[in-house]
Amino acid sequence: MAMSRALVELTESSSSILIAASYSFLLLLMLLLILLVIFFACRPWRFFSRFLSSSRLSSRPIKAEDLERPLVSNDSDHITDFARTYNIDVASHQTEGLLNSSRNQGLAYKHRLPHTATKLALTHSDSLILDISEDSPVGQTLKRPFVTPQSGDIQKVKEDSCQLSGFGLEDKANEFVPEYSAAQRSILVLEVVSGPSHGLRYSTQSTNKSGLPLTLGRVLPSALLLKDSEVSGKHAMINWNSNKLKWDLVDMGSLNGTLLNSQSISHANSGSRHWGDPNELASGDTITLGSSSKIVVQIISEIEKIPFGVGVASDPMSLRRGGKKFPMEDVCYYQWPLHEINQFGLFGVCDGHGGAAAAVSASKLLQEIVADILADSFRRERILTKCDASDVLREAFTQTEACMDHCYEGCTATMLMVWTEDHENFYAQCANVGDSACFVNVDEEHIKMTEDHRIISSSERQRIQATGEPLKDGETRLCGLNLARMLGDKFLKQQEARFSSEPYISQVVYIHQASRAFVVLASDGFWDVVNFKKAFQLAQETKDRSATKEENTAEKIANILLSEARTQRTKDNTSILFLEFDRNNRDNHSKL
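Conventions and cut-offs
Residues take numbers from 1 onward in each chain, read along the sequence in its written order. For a predicted model such as this one, the threshold for reporting local features is a pLDDT of at least 70, and the threshold for listing and counting side-chain atom pairs is 80 or more; totals across whole chains, interfaces and linings nevertheless cover every residue. As a rule here, side-chain values come from all non-hydrogen atoms in the structure, and water together with hydrogens is ignored. Counting from the N terminus, the helices are the DSSP runs of H or I reaching at least four residues and the strands are the DSSP runs of E reaching at least two. By this rule, a helix spans an expected 1.5 Å times one less than how many residues it contains. For every residue, the accessible area obtained with a 1.4 Å probe (protein chains only) is divided by the maximum for its type, and the residue is called buried under 20%, exposed over 50%, and partly exposed between those limits. Contacts are assigned to residue pairs that have any heavy atoms within 4.5 Å of one another. Any pair of N or O atoms that falls within 3.5 Å is considered a polar contact. Within protein, one atom must be able to donate a hydrogen and the other to accept it, and sequence-neighbouring residues count only if both atoms are side-chain atoms. Only the contacting stretch of a helix is used when fitting its axis, a line to C-alpha atoms as for every element, and angles between N-to-C directions run 0 to 180 degrees. Here the word oblique covers every angle except those under 35 degrees (roughly parallel), over 145 (roughly antiparallel) and from 65 to 115 (roughly perpendicular). Gly is put with the polar residues, along with every residue not named as nonpolar or charged; the nonpolar set is Ala, Val, Leu, Ile, Met, Phe, Trp, Tyr, Cys and Pro, and the charged set is Asp, Glu, Lys and Arg. When DSSP locates at least two bridges between a pair of strands, those strands are taken to pair. Buried Ala, Val, Leu, Ile, Met, Phe, Trp, Tyr and Cys residues form a nonpolar core when they are joined through side-chain atoms within 4.5 Å. Crossing chirality is assigned from the near helix's rotation relative to the far helix, an anticlockwise turn below a right angle marking it left-handed and a clockwise turn marking it right-handed. For patch building, the residue pool is restricted to those with more than 30% relative accessible area and no salt bridge; the joining distance is 9 Å between like charges and 5 Å between nonpolar side chains (Val, Leu, Ile, Met, Phe, Trp, Tyr). All accessible-area figures derive from a Shrake-Rupley calculation using a 1.4 Å probe, and residue coverage is judged against the displayed protein chains alone. Every case where a carboxyl oxygen of Asp or Glu lies within 4 Å of a side-chain nitrogen of Lys or Arg is listed as a salt bridge. Per-residue confidence from the predictor is reported as pLDDT, which spans 0 to 100.

**Q** In this structure, what is going on with helix α15 (residues 532-545)? I would like to understand it.
**A** Since the α-helix packs 3.6 residues into each turn, any two residues three or four apart lie on the same face. The end-to-end C-alpha distance of α15 is 20 Å, a good match for the 20 Å that 14 residues give at a rise of 1.5 Å each. Turning to α15, its buried residues are Ala-535, Phe-536, Leu-538, Ala-539, Gln-540, Thr-542 and Lys-543. In the core, the buried residues of α15 are packed alongside β17 (437-442), β18 (445-448), β22 (517-522), α14 (524-527), α16 (554-567) and β23 (574-580). Capping the start of α15 is the job of one residue whose side-chain oxygen sits 3.2 Å from the backbone nitrogen of Lys-533: Asn-531.

**Q** Any chance you could explain the packing of helix α10 (residues 377-386) against helix α11 (residues 390-403) here in plain terms?
**A** Packed helices, taken two at a time, are described by the angle between their axes plus the distance between the axes. For the pair α10 and α11, the least separation of the axes is 9 Å and the interaxial angle reads 130°. The orientation of α10 relative to α11 falls into the category oblique. Every residue of α11 that contacts α10 at Arg-379, Arg-382 and Ile-383 is listed here: Asp-391, Val-392 and Glu-395. Tallied by class, the residues present in the contact of α10 with α11 amount to two nonpolar, no polar and four charged.

**Q** Is there a simple way to think about the sheet that holds strand β5 (residues 236-241) in this case?
**A** Adjacent strands of a sheet pair through backbone hydrogen bonds, lying either parallel or antiparallel. Taken together, the five strands give an open sheet; going across it, the order is β4-β3-β5-β6-β9, and neighbouring strands pair in mixed fashion. Strands at the two margins of the open sheet, each flanked by one partner only, are β4 (224-225) and β9 (279-280). Note: strand β6 (residues 246-251) against β9, two bridges, orientation antiparallel. In the sheet register, Asp-248 faces β9, and the bridge partner there is Glu-280.

**Q** Just checking my understanding: could you explain the nonpolar core for this structure?
**A** Ranked by size, the top nonpolar core spans 38 residues in total, and within it Val-370, Leu-374, Met-415 and Met-417 carry the most contacts. Looking at this core, the elements that each hand over two or more residues are β13 (330-335), β14 (344-353), α9 (357-374), α10, α11, β15 (410-420) and β16 (426-433). If one sorts the elements of this core by residue count, α9 sits on top with 11 residues. Membership of the second largest hydrophobic core comes to 29 residues, among which are Cys-332, Ala-428, Cys-430 and Ala-517.

**Q** It is not clear to me how the packing of α9 against α11 should be interpreted in this structure. Could you clarify?
**A** Between α9 and α11, the least distance of the axes is 9 Å, while the angle of their chain directions is 130°. Judged by the angle between their axes, α9 and α11 are oblique. Helix-helix and strand crossings are classified by hand; for α9 and α11 the assignment is right-handed. Contacts between α9 and α11 pair Ala-362, Leu-365, Leu-366, Ile-369, Val-370, Ile-373 and Leu-374 from the former with Val-392, Glu-395, Ala-396, Phe-397, Gln-399, Thr-400 and Cys-403 from the latter. Taken together, the residues of the contact of α9 with α11 break down into 11 nonpolar, two polar and one charged.

**Q** Just checking my understanding: could you explain a nonpolar patch on the surface for this structure?
**A** A contiguous nonpolar patch, built from Ile-19, Tyr-23, Phe-25, Leu-26, Leu-29, Leu-32, Leu-33, Leu-36, Phe-39 and Phe-40 and spanning about 1000 Å² of accessible area, is present on the exposed surface. Take Leu-32: it is sitting in helix α1 (residues 2-42). With relative accessibility at 46%, the residue Leu-32 sits in the partly exposed group.

**Q** Is there a simple way to explain the pairing of strand β10 (residues 286-289) in this structure?
**A** With burial as the criterion, each face of β10 is covered, one bearing Thr-286 and Thr-288 and the other bearing Ile-287 and Leu-289. With three bridges joining them, strand β7 (residues 258-260) and β10 adopt antiparallel strand pairing. In the sheet register, Leu-259 faces β10, and the bridge partner there is Thr-288.

**Q** Can you walk me through the confidence of the model for the chain in this structure?
**A** Any region with low pLDDT has predicted coordinates that should not be read closely. With 68% of its residues at a pLDDT of 70 or more, the chain has an overall mean of 75. The low-confidence segment residues 49-183, where pLDDT is below 50, has 183 contacts with residues more than four positions distant or belonging to other chains. Here residues 587-592 scores under 50 on pLDDT; set against residues more than four positions off or in separate chains, the count is 13 contacts.

Structure (structure tokens):
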């Protein structure tokens, strides 16, 4: 009995020992697992590899393939929002014109080196030697030797911050821009024709290195500042491609995308905030940011300087109807020389109704079609020999009307062709449909170059009467329009045969080199409140005040005429082109 009891106690004691041993083993196993988890989470071997890599980095030059790894972080492809890198206090100084103040010189930025920059560098050499200072903070732009870019992607080589002129970074930005001669200069003019900022204009030259590349966006320091909620802070960028002598447009990873002539140029992966590919711009192109802000592009080549003064001014007059916003439907354009046809140039205004689309389309088509016609040397020689471009102007309007597909929108079109044989004496001839008008003053002789095609004009009522369906007494509109001739409005023309797109062609005006001559071409918003005698008086007074100054007065006169329209409280979009042919002005213009 005692023996059996002892066996039972021994058995119980052995069980207790086994249980305790098993618990200890499990505890030890759990501790081991915890240590393994902590070890792999901390990854202490990183410090050794980083030390080894840094020691190797200091003992050899960096190769280009090393740049395939991001310098800042894995998400460096995302464009840092301007609000994170830009001091709001500096913005106020910029608006006050104090961009070059000493306080701006010390502004710090976080930079990234785009992946595309690496690819661009590799096109020039197999390896890229970079001089990296030991105390250079991580994430700043690496300093690199200058290489001449062989691609139009200059803007992608530059850091976002290097695009901001006036912040002490001009030298960095210019480091990547090759030198080119003044003979290759080009003028870029941007005009917002629709959206909350309609009527806004901006121009720059290809030689303006400190202002290039220029940014289109909703926040400073965008060169074209658009007050549109659909436009990103830094939406798109335009830069001068000195290799191709062209302007390039690139989407900067905008949220709502960028369209060029209704075609998307944004990155294929929408929402990735990656930059799109650069696209060449041409005069007459339309840039759309988001869905409402449309910008018309005008490019004036200065490979051959314009031998006379040109001034442009426009205003939607959006606050002339009791504060009601009034969309801008005027489009101004001019080209000299016309697509490298050195002896010819075009100057015009298209005034849209029902929207700006027809005006944008017509302005672009007219220039392209005239250029195509004049590409034929026989047609050019015929104009120079006969001193008459009537057939070319008429053909341009006919083809433009045929190419337009605007059923419910239309526009007026007034186009002045100027040509020369020797850059001393000039010829001018105008064609128009609608009520935008052009007047020429030659040695105090006033010459009207257009015809008014409103229903109430006597000449137009006579034309309509000749169709066999005369207007009724007191009738001032056809299908709701006060115009009888225009481009577009295809639906209305199908319903009403008395509408026409046949242009009025003026006589040729000869402008001798010794003449005192100028031209005022404007939309009806100007002529509704200012007659041509008043316009000539204002122009002449301004010219006389500036007679002793070495300056181009054309732009100044255009703005004075626009101010007069504001003073007279015009209720329509107003666009003005002023051409100055005086010998003194030509001499001064050549000095600019």
